[in-house]
Structure formats: C-alpha cells, structure tokens
Amino acid sequence: MAGNWKMFKTPAQTKDFFAAFLPLVAESKHCEIAICPPFVNIAAAVDAAKGSRVGVGAQNLYWKNEGAFTGEISGPMIKASGAEWVIIGHSERRQFFGETDATVLERTKAALAAGLKPIVCVGEMLAEREANQTDAVLTTQFNGGIAALSPEEFAQIVIAYEPVWAIGTGKVATPDMAADAHRTIRGLVNAKYGADAASKVRILYGGSVKPDNVKGLMAQPEIDGALVGGASLEAASFASIVNF
Ligand code: 13P
C-alpha cells in the first residue's frame, strides 16, 4: 500500500503526518507500506519513520548518477537519503513533463542500479479506453518501458495500473475493470518473463482509491495493493486504506 503525496506537504507537515499515522498502522503486518513525499520531505519522512514498518519513496529520479543536470535528482542521492522506493512513469509525469516509455525504462534501470525498488506506472487515458485501446496502450507501455529489463531486474519491480481518467477525479475503476487491466498486464508479464514471474509480480491499482472503495478493489485476487494519491495525505484516511 503506497501513498503518492504528489506536490503536497512541507517537512513539518510530513513530521505531523507520521506522528499521527504510525500508531494507526503499528499492527498492520499484512502488507508493505510506503509513503512517497516530495524530494524535500524525504529526510523528514525517513527520520519520522525510523523503527517503523513504513518505507519511504521518491516520486521520480533522473537516470544519470551525477552531472550538470540542473534541477534533477539521481538514484544514488535518493538511496543515500534513506528512501527505498521510487515511483516511475506516473501519468502526471507522462502528461505534463514529457515522460515517455523510453525514459521510463532508463529511470527504472537507474533505480535498480541504485538499489531502489521501482513502482512503474502504466495506464490509459479516457479517450483510449473509449476507443477500446486499453489493452493496446498497456501493451505498448509494457513493451517500451518494462520488457527490456532482465528477468532479475524485472523480479524487483512493482507495477502500478493507474487509468488516467480515474486519477484525482473521484471516478474509481470498478473492481472488475481494474482486475481486467491487471489480467492484461499479468498476461504480458507471463509472455515475456514466464508464469512464475507473472504470479509473483505485484500489481497495484491507483486512481481515486478511498477508504470506502478499497475493500471491493482488494477483494479481486488480481489486485495486489493500491497506489493512493489524495486519500494518502491524511493519516486516518490512509491508515483505513492500509487496514482495509
Ligand atoms: P488519486 O488517489 O488522488 O486519484 O491519485 C492516484 C494516483 O495518481 C496515485 O499515484
């Protein structure tokens, strides 16, 4: 269960969140938990999460380790700051910041090389779903952004299916719709990496996950967890999602 805070919260607000959140998930041993704050809050989050089961992640990284790349942050920097996870290829990065399947692949390889655990995002836009292109889009994103990983690399990634039309809109995919897309993705994994990899890979659903719809989503065997935006910003709400 991962929270993507997007561009929200300051270091002080991060500290307050963890103070409220950790007691609520102290007994939650059924899943891994991660919070992905903005870069500038990673240190505060790592410090606040110390001794707990909650991991910290970044929301992006650049694929070079260091250099004259003003404004960028590298995998080794994120790792050294104490984060374990990194979200890659979020649809907001694809839509607003020119991310492509090719750069998703570069970032994923760089994250793995730095010892980070990538959460690689895929998902279709509304027009693509309405044109019955969902499977084609997922196939293109998988082939371009993931399928060049070696089997050893692939074994370390988590995939997040986030239909763009469900993000921040309150329009959650029905559990059946989400499960269908997860089945498509698992089929692609099966074709490329084999049945064992397909059964092991964790596929998270993201898009308007809330305390009142998480249970129905998680009842689908295809859905292994959630990547939560808005509802991860408040401790009680994200805790109730974790504890579905
Ligand atoms: P919301 O939960 O706010 O719809 O955001 C989903 C998301 O983009 C998580 O990465």
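Coordinates for the structure precede this section.
Please read all numbers here as calculations on a predicted model, not as lab measurements.

Visitor: What's the story with the packing of aromatic side chains in this structure? I'm lost.
Guide: Given two aromatic rings, one states the distance between the centres and the angle between the planes to describe the pair. Evaluation of the coordinates by the stated rule reveals ten aromatic pairs. Between Phe21 and Phe238, the ring centres sit 5.4 Å apart and the planes meet at 20°, which makes this aromatic pair stacked. In this pair, Phe21 sits in helix α1 (residues 11-24) while Phe238 sits in helix α12 (residues 235-242), placing the two residues 217 residues apart along the sequence. Relative accessible area serves as the criterion here: at 0%, Phe238 is assigned to the buried category. Seen from the ring of Trp5, Lys9 lies directly overhead, with NZ or CZ sitting 5.2 Å from the centre. Residue placement shows Lys192 over the ring face of Tyr193; its charged tip is 5.9 Å from the ring centre.

Visitor: Would you take a moment to explain the side chain of Asn213 for this structure?
Guide: One can find Asn213 in the loop between β7 (203-206) and α11 (214-218). Judged by relative accessible area, which is 17%, Asn213 ranks as buried. Beyond its immediate sequence surroundings of up to four residues, Asn213 is in contact with Val172 and Ser208.

Visitor: Is there a simple way to think about the environment of Trp5 in this case?
Guide: Mapped onto the elements of the fold, Trp5 is located in the loop between β1 (2-4) and α1. In this structure Trp5 comes out as buried when scored by relative accessible area, which is 0%. As a C-alpha pair, Trp5 and Glu162 span 157 residues in sequence and 15 Å in three-dimensional space. Those residues within four positions of Trp5 in sequence are excluded, and the remaining contacts are Thr14, Phe17, Phe18, Ile35, Cys36, Pro37, Pro38, Gln59, Ser232 and Leu233.

Visitor: Got a minute to help me understand the pattern of salt bridges in this structure?
Guide: For side chains of opposite charge, pairing can occur when their charged atoms come near one another. This model, assessed by the stated rule, comprises 14 salt bridges. Across the salt bridge formed by Glu99 and Arg107, the nearest N and O atoms sit 2.4 Å from each other. Of the two residues, Glu99 and Arg107, neither departs from the other in class, the shared state being buried.

Visitor: What is the right way to look at the packing of α1 against α12 in this model?
Guide: The angle between the axes and the distance between the axes are what describe a pair of packed helices. Where α1 meets α12, the closest approach of the two axes is 9 Å, and the angle between their N-to-C directions is 30°. Considering their axes alone, α1 and α12 lie roughly parallel with respect to each other. For the pair α1 and α12, the sense of crossing is right-handed. The residues of α12 that touch α1, namely those facing Phe17, Ala20, Phe21 and Leu24, are Ala235, Ala236, Phe238, Ala239 and Val242. A per-class count over the contact of α1 with α12 returns nine nonpolar, no polar and no charged.

Definitions and limits used
Residues numbered from 1 in each chain as written. Predicted model: local features only at pLDDT ≥ 70, side-chain atom pairs only at ≥ 80, totals over all residues. Heavy atoms only, no water. Phe/Tyr/Trp six-rings, centres within 6.5 Å; stacked < 30°, edge-to-face > 60°. Helix = DSSP H or I, 4+ residues; strand = E, 2+ residues; numbered from the N terminus. Buried < 20%, exposed > 50% of the residue type's maximum accessible area, 1.4 Å probe, protein only. Lys NZ or Arg CZ within 6 Å of the ring centre and 35° of its normal. Contact = heavy atoms within 4.5 Å. Salt bridge = Lys/Arg side-chain N within 4 Å of Asp/Glu carboxyl O. Axes fitted to C-alpha atoms, helices over the stretch in contact; angles between N-to-C directions. Parallel < 35°, antiparallel > 145°, perpendicular 65-115°, else oblique. Left-handed = near helix turned anticlockwise from the far one by under 90°. Nonpolar A, V, L, I, M, F, W, Y, C, P; charged D, E, K, R; others polar.

Keep in mind these values describe shape, not function.
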